[in-house]
Amino acid sequence: RRNGSKTRSSSLRRLPPSPPGAVPFLGHLHLIKKPFHGTLSRLAERHGPVLSLRLGSRAAVVVTSPACARECFTEHDVTFANRSLLPSQMLVTFDGAALGTASYGPHWRNLRRIAVVQLLSARRVGAMSGAICAEVRAMVRRLHRAAAAAGGPARVELKRRLFELSLTVLMGAVAQTKAAAAARTESDDADDTDMSPEAQEFKRVIDEVFPYVSSVLWDYLPLLRWFDVFRVRSKIMAAVSRRDAFLRSLIEAERRRMDDGGGGDNKSMIAVLLTLQKQEPEVYTDTMITAFCSNLLGAGTETTSTTVEWAMSLLLNNPGTLEKAQAEIDAAVGHSRLINADDLPRLGYLRCIIAETLRLYPAAPLLLPHESAADCKVGGYDIPRGTALLVNVYAIHRDPAVWEHPDKFVPERFAGGKAEGLFVAPFGMGRRKCPGEALALQTVGVALGSLIQCFHWGRPDGVEVDMGEGSGLTMPKAVPLEAVCSPREIMHGLLDKL
Ligand code: HEM
């Protein structure tokens, strides 16, 4: 059962407080300004850590306390294991059939099992480390060349570089689309991108879809949808069919490769799914594989790259922390090779920087919306069945009752297990927790570590990096990060050889 907006109201129930100002049709929608997590934090300060909202025709509850969030994902984890999907999200996710959008039940459990046991298992993530390092090396080489061409510090669009890196890494895992970045030729350097052609094509098609997803009015006001006002539905459907045709072409290519006896031990995710298809064709249909791949690419790209972007922004504004991280890497890795995934367990301070970045700037500040499958109680309040659950981890991670100087960037607060037991959940919690955490932490660790290891970093024009938050499916920086980089003298020998 999905999107149960009908909630039984009863005067005997103790419903969470609701902000005044709800109006017919819109409910509280007109109060919710971008970025949403910011507005919801302010409403929670005024009305308490469990509050109810009406978003158009939908009932929602917003949770902003560590204790109540834990309650949702432990005691009521099964109750809240459904997703709450907006109509535009239904259109782009095969009616919610993908892992991240499926309702709790046997279909979701099967997808989840495949993701955890096969596609994103520790063994598989370990096997991806070579590809991740190759892509990071290509990015570092490009930055080095930019500095050489500038004859000194070069101004670089880090946001774009990091997005390209994340997408290419994931695309390579999903479809084994290209030879290692290290094997690329000089002529490729002229393109000003390290994205594989497949990653470029996928980016082009998703760029067409994104502007229409989660458009507030169209999603929440049924009248606009019934008459397809602004032709939103038609535009989404056209873009989605181009995306799916592209993904199907990757599946076909992989099928041909397998038929020709290719693939080897290090199978792509599509190849793993096609092998399952041979055993159970009615379950692992091409549509199911398309949905799965689209979901993984969508869930893993922007989240990973934005996290590195926020981390670099924080480091640029905190040069002392950057130097400390450099010293740790110099001592543990040296200067004759680039950092790799095996180094990460020995780089405790780098891991603290990543943890602190995810505390301050969780890529999904409200997690993904859950939905209650039955009536339950949270924080002593009654939550009716069919209510969307938004957990504001952004605000919980900055709770002044829990964290000293909560808005300050202090990686040391995670050192020596000091933060153990505190509620920090950038990847969510419980059954629907992110299955890509290990892959994300490996990619973020190697990418961030290499940038720190190889370059001196500065802020364009010496101005503080703007830390404003934008709105989107993830939490982007309002102003995309640009930075100035020059190779560290000590790394010249290695960088010249890349
Ligand atoms: C820094 C990077 C990442 C962050 C911060 C992040 C965070 C999250 C969060 C908060 C959720 C929702 C949890 C909830 O519903 O309570 C989620 C779900 C999910 N993530 Fe990630 N994620 C990251 C990277 C990745 C990667 C690399 C992949 C895979 C390639 C991935 C795949 C997924 C999927 C498939 C789901 C849906 C799971 C489900 O509904 O059962 N994520 N992620």
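Source: prediction; values computed, not measured.

Brief notes about the site of the ligand
Alright, step 1. Taken together, 27 residues lie around the ligand, and Gly100, Gly300, Gly428, Cys434 and Gly436 are the ones closest in.
Alright, step 2. At the level of secondary structure, the elements contributing two or more residues to the shell around the ligand comprise helix H14 (286-317) and helix H18 (437-454).
Alright, step 3. The element that contributes the greatest number of residues to the shell around the ligand is H14, accounting for seven residues.
Alright, step 4. For the shell around the ligand, a count of residues per class yields 16 nonpolar, eight polar and three charged.
Alright, step 5. In this structure, the shell around the ligand is formed jointly by two domains, domain 1 (1-92 + 363-396) and domain 2 (105-362 + 397-497), each of which donates at least three residues.

Points about the packing of helix H6 (residues 129-150) against H18
Alright, step 1. It is at 10 Å that the axes of H6 and H18 come closest, and there the two elements cross at 35 degrees. As for how H6 packs across H18, the hand of that crossing is right-handed. Contacts between H6 and H18 involve Ser129, Ile132, Cys133, Val136 and Val140 from the first element and Gln442, Thr443, Val446, Ala447, Ser450 and Cys454 from the second.
Alright, step 2. A breakdown of the residues in the contact of H6 with H18 according to their chemical character gives seven nonpolar, four polar and no charged.

Side note on the UniProt feature "binding site: heme" (unreviewed entry) in the protein
Alright, step 1. Mapped onto this structure's residue numbering, the UniProt feature "binding site: heme" (unreviewed entry) falls at Cys434.
Alright, step 2. Take Cys434: it is sitting in the loop between helix H17 (393-396) and H18.
Alright, step 3. The contact partners of Cys434, leaving out residues within four places of it in the chain, are Phe427 and Gly428.

Here's the deal with the sheet that holds strand E3 (residues 82-83)
Alright, step 1. Here we have five strands laid out as an open sheet, ordered E1-E2-E8-E5-E3, and mixed in their pairing. With one partner strand each, in any of the chains shown, strand E1 (50-55) and E3 form the two edges of the open sheet.
Alright, step 2. On top of the sheet, helix H1 (residues 36-47) reaches E1, strand E2 (58-63) and strand E8 (388-391); it is set at about 125 degrees to E1, its chief contact.

Describing unusual backbone geometry
Alright, step 1. In this structure, the amide linkage connecting Lys34 to the following residue, Pro35, adopts the cis form with an omega of -10 degrees.
Alright, step 2. Here Pro35 lies in the segment before H1.
Alright, step 3. Although it is not a glycine, Phe25 adopts a positive phi angle of roughly 70 degrees.
Alright, step 4. The residue Phe25 is located in the segment before H1 in this model.
Alright, step 5. Taking the number of C-beta atoms within 10 Å as the measure of exposure, Phe25 has 13 and is therefore partly exposed.

Cut-offs and rules
- Residues numbered from 1 in each chain as written.
- Predicted model: local features only at pLDDT ≥ 70, side-chain atom pairs only at ≥ 80, totals over all residues.
- Near = placed C-beta within 6 Å.
- Helix = DSSP H or I, 4+ residues; strand = E, 2+ residues; numbered from the N terminus.
- Nonpolar A, V, L, I, M, F, W, Y, C, P; charged D, E, K, R; others polar.
- Domains from an automatic or database assignment.
- Axes fitted to C-alpha atoms, helices over the stretch in contact; angles between N-to-C directions.
- Left-handed = near helix turned anticlockwise from the far one by under 90°.
- Contact = placed C-beta atoms within 7 Å.
- UniProt positions renumbered as here; feature names shortened; annotations may be inferred.
- Pairing = 2+ DSSP bridges.
- Buried ≥ 20, exposed ≤ 12 C-beta atoms within 10 Å, placed from the backbone.

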